[in-house]
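One-letter residues, chain by chain:
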Amino acid sequence: MSNKEKVGRLNFVDAIRAWAILMMLQGHFVSALLADEYRNKDNIFFAIWSYLRGITAPVFFTIAGFIFTLILLRNYDKGWSNQRVKKGIIRGFQLIAIGYLLQIRFGRLFNGSINDSYNIVHVLQCLGLAIILLVIVYLVSYTFKRYVLQLVFVSITGVLFFFKTAYEQWDYSFLPEFLANYFTSANGSVFTIVPWFGFTSFGGFLALVFTKYHLTPNFYRKAIVVMILTGMVLITATYEIIRDLYDIAGFQIFNDALLSSYLFARIGVVLLVFSCFMFFRRDLNNKILLRIGQLTLPIYVLHAIVLYNSVTGHGLSRYFYHGLTPWQVLVGAICFMFLICLVVLALSKNKKLFHLLRWNSN
C-alpha cells in the first residue's frame with residue numbers, strides 16, 4: 001500500500017469505541033444492580049435499554065476487528081515480516097491473560113483455593129483469541145489479492161452465524177475444559193469464539209473495503225448510504241429470507257439457521273452505528289471522548305474490579321446485587337461511568353502509562 005493509500009487515525013472510530021465502552025459501563029451496572037421486580041420488558045424504557053445493551057458487544061468486536069485489520073493492512077505484503085503480526089499475537093495473549101487474572105480471587109488463592117469459574121471465557125479472552133485468529137487468517141491469505149482476504153473474512157462471518165445452531169450441538173467433552181469453554185457456553189462461558197469471531201472478521205472485511213475505497217470521491221456519502229440500506233435489509237428481512245430458503249429447498253439447515261438469524265440483524269445494527277458516527281465524523285473532535293475511546297482496556301479492567309468483585313472479591317455487586325431501584329440505578333450508573341473514566345483519564349496523563357494502557361495504537 002502506498003503512503004497515500006494508508007489510512008490515518010480516524011476520530012469516528014475512537015468515538016465509536018468510546019460510545020461502546022460507556023454503553024458497556026452503564027449496561028453492566030444496571031444489569032448487576034437493578035432489582036428483579038423492575039426487570040419488566042413490557043416497560044418501554046427497560047425494553048429499549050435491554051435492546052441497546054444487546055448491541056454493545058457486537059459493536060465492540062466489530063470495531064476491534066476493523067481497527068486491527070487497518071493496522072495490519074499498512075504493511076499488507078510483508079507477511080511474517082509485518083511488525084503488527086508479532087504485536088497482534090502478543091496483544092491477543094495479553095488480553096487472554098488479563099481476562100483470566102480478573103477471574104481469580106486472590107484472597108481465596110492465598111488460602112489455598114480458587115473460585116470455580118476462573119476458567120470460563122469472558123470478553124477479554126474471546127477478543128484476545130479473535131485477534132490471534134485475525135493474524136492467522138491474514139498470514140494464510142496475504143500472498144493472494146486483497147479481495148481474497150476480503151472474501152475470506154465475510155465468508156467466516158456468514159458460516160459462523162449461519163451454522164451457529166449446529167455448532168452449539170457439538171460435543172466438546174473431548175477437549176480440556178478450559179479449551180472447551182472457548183466453544184461452548186455449557187460451563188458458563190459468556191463469550192465463545194462461535195459466533196463472536198464472526199463480528200471481528202466482519203470488522204476485518206469492513207477495514208478492507210474502507211482501505212480500498214476511502215480515497216474515492218464522495219466516499220463517505222456513498223458508504224453511509226450503502227451501510228444504512230444494507231443494515232435495514234439485514235435487520236428487517238434476514239429471518240424472512242432464510243425462512244423462504246427453507247420453504248423452497250426444504251433443508252433442515254435453513255430451519256436451524258432461523259434461530260441464529262438475529263446475528264445477521266445485529267450486523268445490520270452495527271452498520272447503522274457505523275453510518276451514524278461516520279455522518280457526524282467532522283464533529284467528533286472532543287479530546288476527552290476520543291481519549292476514552294483509546295483507553296477501553298483499562299476502563300474495562302477497572303470497572304470489573306469495582307463492579308464485579310474481580311481480584312479483590314469486594315465490589316458493588318457483592319453488596320448491592322439486584323438490590324437497587326430504577327432511580328438509584330440511574331444516578332449510580334452516571335456516577336459509575338464518570339468516576340471510572342475520570343480515574344483512568346487521570347492515570348493516562350503519565351505518557352508512558354498512557355501508551356501501556358491503550359487498547360492498541362495506530
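Keep in mind that this is a model prediction, so the values were computed, not measured. (Residues numbered from 1 in each chain as written. Predicted model: local features only at pLDDT ≥ 70, side-chain atom pairs only at ≥ 80, totals over all residues. Heavy atoms only, no water.)

## Description of the nonpolar core
Of all hydrophobic cores here, the largest spans 109 residues; its most connected members are Phe 12, Phe 66, Phe 274 and Ile 299. Counting residues per element, this core draws most heavily on helix 2 (residues 44-73), which supplies 16 residues. In this structure Phe 66 touches Leu 10, Val 13, Gly 203, Gly 204, Leu 206, Ala 207, Phe 210 and Phe 274, once residues within four positions along its chain are discounted. (Core = buried A, V, L, I, M, F, W, Y, C linked by side-chain atoms within 4.5 Å. Buried < 20%, exposed > 50% of the residue type's maximum accessible area, 1.4 Å probe, protein only. Helix = DSSP H or I, 4+ residues; strand = E, 2+ residues; numbered from the N terminus. Contact = heavy atoms within 4.5 Å.)

## Structural notes on helix 9 (residues 193-213)
Two residues of an α-helix separated by three or four positions point the same way, owing to the 3.6 residues in each turn. Between the first and last C-alpha of helix 9 there are 30 Å, a value that for 21 residues agrees with the 30 Å anticipated at 1.5 Å per step. Within helix 9, 18 of the 21 residues are buried, leaving the element largely enclosed by the surrounding structure. (Expected span 1.5 Å × (residues − 1).)

## Topic: the packing of aromatic side chains
A complete count under the given rule lists 25 aromatic pairs for this structure. Here the aromatic residues Phe 12, Phe 66, Phe 210, Phe 219, Tyr 220 and Phe 274 are joined through ring pairs into a cluster of three or more. When the ring centre of Tyr 76 is taken as reference, the NZ or CZ atom of Arg 146 above it lies at 4.5 Å. (Phe/Tyr/Trp six-rings, centres within 6.5 Å; stacked < 30°, edge-to-face > 60°. Lys NZ or Arg CZ within 6 Å of the ring centre and 35° of its normal.)

## Examining the pattern of salt bridges
Using the criterion set out here, one finds four salt bridges in the structure. A salt bridge links Asp 14 to Arg 17; the nearest nitrogen and oxygen atoms lie 3.2 Å apart. Of this pair, Asp 14 and Arg 17 are both found in helix 1 (residues 11-33), three residues apart, which corresponds to roughly one turn of the helix. A relative accessible area of 3% places Arg 17 in the buried class. When the shortest N-O distance is used, the salt bridge between Asp 36 and Arg 39 registers 3.6 Å. (Salt bridge = Lys/Arg side-chain N within 4 Å of Asp/Glu carboxyl O.)

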